[in-house]
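Per-entry structural report
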Amino acid sequence: MRPIEKYVEKMENKDFAGLAELFSADGVICDYCTNSASQREYHIYGKEAINMFFRNKFGFRQYSIAEAEVVNDTQAEFIANFGGYNIMAIATVRNVDEDGLITNLTVRPK
Amino acid sequence: MGVYAITGASSGIGAKTKELLLERGHEVINIDLKGGDICVNLASPEGRQEAIDKLHELHPEGLDGMICNAGVSGACGNLPLIISLNYFGTVAVAKGVYDLLKKKGGSCVVTVSNTISQGAGRKDIVDLLNNIGDEKRVLSLVSAMDETNLSVGNSLYVSTKYALARWVRRVASSWAANGVRINAVAPGNVHTAMTATMSTSAKMALNALPIPTKYGQECLMDPEEIAEVMVFLSSSAARGVNGNIMFVDGGTDALLNSEKVY
């Protein structure tokens, strides 16, 4: 599976621990969709932070994705739900290290 | 050595703060519903006034510190109590001993919560508390709410703590100009007698609010971690710190709001 496919799978399953394992030690997720949902942008630095952050978001039902579709080698589209506010989003794996771990992933409104 | 008054010091963070102050040789007066040196109900205007009068009677020369720590959680099942104790109980006592703090150039520390940054509070309630301050009207409003709904209790809890933090920021400048510093501590989830006996589902909910300094440990903050900061803020070592909302949550706020620098 390509990194973007693994990302979608972990997000759909709300698997925060598995999601974190897709990232390098200093991997980063920047999610800019939150502006539309009147929330602060998500900027999460480091795999442990990704683990804890999504444990919180999934645990409190503040984030989920639905209707996901991988559109090319590095991108997937989905409906992102921010605590009840739906946004059509596109995630992009921008960089991967030599071990195949994601170092930079962004999510933007489509 | 100094004279410190503290509310809610019969258990939890308050008890540990009292213990640390005593260890450092200070005199400490505990104001609490049960087991206090002054036993009053700070949820009532009469109880607050009694505490204020007693402190004036005991220490007319002034106080070195007033630590306003008493409060209840959003899960207490009593919505009016959340409003009366957490917000009005704190503000009234702090204001009531302001003259005593001025006499000794003392400081005030208020306990809020790191949940203030997580967006669960009700801005309308916060504004009513800070801008109107009419306890009877706010109590009438919340009495009509569903107190069996945990999220209602939680949102009121966060609202009272947010309002307290804003009140601290609002008065900090003028109080400091009169020689009195005031700061707030915003703790994360703390291990207390209550959390030790809570249900598995409640524990799971707590663990979904991760504490980075406890990564992988499935445990909460120790009351002493919060108490140490409260003692620091109330001491002269923190003489340059005023109007600060200090998060003592092991980095939870930084985790959830990394871009919020100020």
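First, a word on scope: everything that follows refers to the structure included in this document. From a predicted model like this one, the values you see are computed outputs, not experimental measurements.

Take the interface of chain A and chain B next. Facing 13 residues of chain A, the contacting portion of chain B comprises 16 residues. Buried surface at the junction of chain A and chain B, summed over both partners, amounts to about 1300 Å²; 63% is from carbon and sulfur atoms. Among the residues of chain A in contact with chain B, Arg 40, Met 52 and Arg 55 of chain A are the three that bury the most area, contributing 45% of the side total. One can count zero salt bridges joining chain A with chain B. Our enumeration of links across chain A and chain B arrives at two residue pairs in polar contact (both at pLDDT 80 or more).

The next point concerns the packing of aromatic side chains. Centre-to-centre distance and the angle between the planes together describe a pair of aromatic rings. Counted under the stated rule, the structure contains 11 aromatic pairs over all chains. A ring pair is formed by Tyr 63 of chain A and Phe 82 of chain A, whose centres lie 5.0 Å apart and whose planes are at 65°; its orientation type is edge-to-face. With a gap of 19 residues between them, Tyr 63 of chain A in the loop between helix H3 (47–59) and strand E3 (64–70) and Phe 82 of chain A in strand E4 (residues 75–82) connect regions that are remote in the sequence. Residues Tyr 63 of chain A and Phe 82 of chain A agree in their burial class; the two are buried. Ring centres 5.7 Å apart and planes at 90° place the aromatic pair Trp 167 of chain B and Trp 175 of chain B in the edge-to-face group.

Rules of the game
- Residues numbered from 1 in each chain as written.
- Chains lettered and ligands numbered in written order.
- Predicted model: local features only at pLDDT ≥ 70, side-chain atom pairs only at ≥ 80, totals over all residues.
- Heavy atoms only, no water.
- Contact = heavy atoms within 4.5 Å.
- Buried area = accessible area lost by both parts, 1.4 Å probe.
- Salt bridge = Lys/Arg side-chain N within 4 Å of Asp/Glu carboxyl O.
- Polar contact = N/O pair within 3.5 Å; in protein donor to acceptor, adjacent residues only side chain to side chain.
- Phe/Tyr/Trp six-rings, centres within 6.5 Å; stacked < 30°, edge-to-face > 60°.
- Helix = DSSP H or I, 4+ residues; strand = E, 2+ residues; numbered from the N terminus.
- Buried < 20%, exposed > 50% of the residue type's maximum accessible area, 1.4 Å probe, protein only.

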